[in-house]
Amino acid sequence: MKRKAEKQQGAAAAPVSAFAARKARQQQMQAAAPVAKPPQPELVEEPPSKKARRSPEEEVPTPPASGENQPRTRWSSRLKGESPKDIRPAQKKEKAPSAKSSKELPVRSSPRETENQSASGEETEEQNPIVEENDVGIAPLGSDDNGYESPVDTTSPVQDFPLSKTRLNKSNIVYSDERTLCVRIKEKMSLALLGHYDLWVKRGVVSVMGAKLHPSPRLYRIYAPATHSLPVIKCVSGVDGSAEVEFKSCHSSIYRLKDLSPLYQRIWNGKNTLADKLTLKNAPPSAKRTFSVLYTSADDSFNRHLRPLHLEKQWSSAIKMLSQRGGRLKALICGPKASGKSTFSRYLLNHLLSPAPQTETNYCNTDGVAFLDLDPGQPEFSPMGQVYLAHLRSPVFGPPFSHPSLDNSQEGTIIRAHHIGATSPKEDPDHYVLAAMDLMDRYHALLATYPQCPLIINYPGWIFGLGLEVATWLVRSLGLSDVVYMSEKGPSEVVVPLGQAAQETMIPLTTLPSQPTDFVSRSSAQLRSMQMQSYFHMTRPTELGNPLWLEKPISRTKPFHVHYAGPKQGIKGIMVTGAEINPHLLHEVLDGAIVAVVAVESPKAILGQHDGPSLTNNQLAGSNQAETEMDDEPENIDMNMDDFTDTPIQETNAHDPINPFIEANVSRTPTEGLPYLFVGSGSNNPLDPKASRCLGLALVRSIDVSSQQLELVTPVAASAIRDALQQGHGIVLVRGQLDNPNWAISEDYYAARAAEKRHRESVEKLKKNAASGDKEDDLLEPGRQARVSAILRDRIRRASNVPWMTVIEDYSSQQREAAQREKTLWKLRKKAYPGSDSEGDW
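Residues numbered from 1 in each chain as written. Predicted model: local features only at pLDDT ≥ 70, side-chain atom pairs only at ≥ 80, totals over all residues. Heavy atoms only, no water.

1. Digging into the overall build of the chain
When helices and strands are counted, the chain shows 19 helices and 28 strands. A total of 842 residues make up the chain; the buried ones form 51% of that total. Within the chain, contacts between residues separated by at least 24 positions form 78% of all contacts whose residues are at least 6 apart in sequence. Total accessible area computed for the chain in this model is approximately 40600 Å², and 50% of it derives from carbon and sulfur atoms. (Helix = DSSP H or I, 4+ residues; strand = E, 2+ residues; numbered from the N terminus. Buried < 20%, exposed > 50% of the residue type's maximum accessible area, 1.4 Å probe, protein only. Contact = heavy atoms within 4.5 Å. Areas by Shrake-Rupley, 256 points an atom, 1.4 Å probe, with all protein chains shown as cover.)

2. Structural notes on the packing of helix α17 (residues 747-771) against helix α18 (residues 782-800)
It is at 8 Å that the axes of α17 and α18 come closest, and there the two elements cross at 160 degrees. For the element pair α17 / α18, the angle class is roughly antiparallel. Like other packed secondary-structure pairs, α17 and α18 cross with a definite hand, here left-handed. Contact residues: Asp748, Tyr749, Ala751, Ala752, Arg753, Ala755, Glu756, His759 and Val763 in α17; Gln785, Val788, Ser789, Leu792, Arg795, Ile796, Ala799 and Ser800 in α18. (Axes fitted to C-alpha atoms, helices over the stretch in contact; angles between N-to-C directions. Parallel < 35°, antiparallel > 145°, perpendicular 65-115°, else oblique. Left-handed = near helix turned anticlockwise from the far one by under 90°.)

3. Notes on unusual backbone geometry
For residues besides glycine, phi is generally negative; the peptide bonds are generally trans as well. Even without glycine at this site, Ser253 takes up a positive phi of about 70 degrees. Mapped onto the elements, Ser253 comes out in the loop between β8 (242-249) and α5 (274-279). Its identity is not glycine, yet Arg266 carries a phi of approximately 60 degrees, on the positive side.

4. Let's talk about the packing of aromatic side chains
As enumerated under the stated definition, the model contains 13 aromatic pairs in all. Each ring, one from Tyr223 and one from Trp549, has its centre 6.1 Å from the other, and the planes form 80 degrees; the classification is edge-to-face. Of this pair, Tyr223 sits in strand β6 (residues 220-224) while Trp549 sits in strand β18 (residues 548-549), and the two are 326 residues apart along the sequence. Given the relative accessible area of 6%, Tyr223 is considered buried. Given a relative accessible area of 1%, Trp549 falls into the buried group. (Phe/Tyr/Trp six-rings, centres within 6.5 Å; stacked < 30°, edge-to-face > 60°.)

5. Observations regarding the side chain of Asn272
Position of Asn272 among the secondary structure elements: in the loop between β8 and α5. Engagement of the side chain of Asn272 in a polar contact is seen with the backbone oxygen of Ala287, the distance being 3.1 Å. Residues within four places of Asn272 in sequence aside, it is in contact with Lys277, Leu280, Ala287 and Lys288. (Polar contact = N/O pair within 3.5 Å; in protein donor to acceptor, adjacent residues only side chain to side chain.)

6. Re the sheet that holds strand β16 (residues 509-511)
Taken in spatial order, the seven strands make up an open sheet running β13-β12-β11-β14-β10-β15-β16, and their pairing is mixed. Both outer strands of the open sheet, β13 (412-419) and β16, are each paired with one neighbouring strand and no more. Sheet twist, expressed as the average angle between the axes of neighbouring strands with direction ignored, equals 15 degrees. In terms of strand pairing, strand β11 (residues 369-373) meets strand β14 (residues 455-458) through four bridges, oriented parallel. (Pairing = 2+ DSSP bridges.)

7. Examining the pattern of salt bridges
Oppositely charged side chains are able to pair whenever their charged atoms sit close together. Under the criterion given, the structure shown has 20 salt bridges. Notably, a salt bridge pairs Asp259 with Lys258, separated by 3.4 Å at the nearest N-O pair. Here the residues in one salt-bridge network are Arg416, Asp438, Glu601 and Arg693, joined through shared partners. (Salt bridge = Lys/Arg side-chain N within 4 Å of Asp/Glu carboxyl O.)

In structure tokens form, the structure reads like this:
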């Protein structure tokens, strides 16, 4: 009877077999299973990448921990066959205990509670109401377009995320004092530190950011700010099952940049953690190191989203495979944006510079590693807007703003650099390709001295359209050994042409999953500002191996005084990339801008002045590498602070052949007499990379028309510029399309605020000491304190009253002012009601 009833019920529908009906019921049960099945905490062991930047294969749709008022995020739109109304009751039923526990979770919890709550804490990160994305996957509070450069304000609660597997106790603490901590780390165990410190491996072998460090008397400087994922020190092998490592505080002055920019505030270690208090028992109560040991993210006193630097297993296998090629390695690392190209390149670089002796090939690196950085938007060892070839001899530990330049340091040197003038090569692909080919020729010349020097090429995220054509042309032309593509999900229109180009040249193509391991809390524009500010404030004293950072604002730094006209002329020309401008506007375009200091080595330096090949789209797809002449590489000179003098840079060779060439293409501005160098039709032709090189960047602080001098603030050593002039090279300033130096404009204001804060804290400290019975100090005289406070307040007032800067005391007032500006603007409003005759009105 049941079978007969089923037949009668399905008579009106199409005939369905019993197998098909059973399969349909199974599909319905499987479709309903994700709603009833609670989410599994799979991501507790592996830290998540940048939010909303997961690749499709890594998407895990987990419901939010709050109730109906939770803002809708991106994962909800990717659910198929389920509406938010369908899954909302299940969220209430399943997530109610989790939401309650997250509300009652204290800011700082014990280590035992930390481990138990890590699974539920993983979901709290998805509650972040900021769902808009930028280049790094996290949106700042104020958009980069509005001109404010404030750090990201994370309003979501901080989850308890595990960072270290090792917990310090009496058995594994060897010794400790106010500056030093020596611990034993067992095999396969790890320890995460926040801050900056020197690492000394005494026994065993440890791995840090891809490098395997063996016992030696050398100290490795490590920078671990909260802006990026924290490097993890892991024991690979040890004596009696453990490695002995010493951490020592270092005073590199990089923390002083917090007095010049809010982007550098709250990025280092805060108050002493539980582990720090355990190791500082015998130290004074005010003792504080430049680093802190963290077990979990809840140990952080600033309640920041901290993550360990995680490496996927497929990445580890690929790095080991590539490192076995030794000196024959020439790898191109490419892929879409935010896929982990820079992190993979950094890991591979450190691994090549410190290979373990027990590798299969017994390869021992004595010639260093060449690093060809073709990403002008996020370079590793130079400020933005440049492509360069660097020769590294030591592993580097830290984000790019901790090493914005290399000047004969123990880490390495910049062999040659070219100024692109933009953060993306799409502005002038021909010039970009010629610069890449010239740097590759310099690498071939480097092989004559270091024949076993491998090469790592970091390609930007410009991988679609014309960028793909440039990438395939480089694969065919550079004589590579490997191509690594950082995405397993394609797209096919990118992977197929890359695979064909690699197959034509008999090169293996390796595809790896996208893994942006750095948990970045700054936007791309903010990271560029931090790197640029670090570049202009960093110095390398000759007597020290590690760099130092100067805390003086740019306005108080002693500048170069360079003549741009007259018998002592040091600047031969001023170029502006892009479209031609009116010479009357050159003063406004140049004043307060960041320019490149370029040495012109040949009279045929401007493209278009000679019969040279021009790369078109068709040639990019199938042409071969052109043979080029090799110029002598000038010797790099160390940074010396004594070189920063007011003495004008005079011309040392008046009969060099470059002067007539430049003067023939220079037109003087009518008012200031600035040498405007322009060659081209409509747009300015760039300098030929074969006949020019970039010495560094400079900030034009002022233009003195009466004395015909430029005030330049630059970290480039005066000896390097004089060396270029002695070789007969002409110095040209190139104004590109880089970001405006807003950080330099606001430095005086933040420095004044920091000085006023230090004065207030010192007065409170003196009052506290006087109240405790100590002898009163003359500094507590009321009249003197009033005068000092008035001077500091006046300094703040004068520093805030500058053009192009608006002082915002709090974010709420910033939003109110933005809303007020919108009311005063003219807007084109579109009528949305049906039947409207006009499309818009004023």
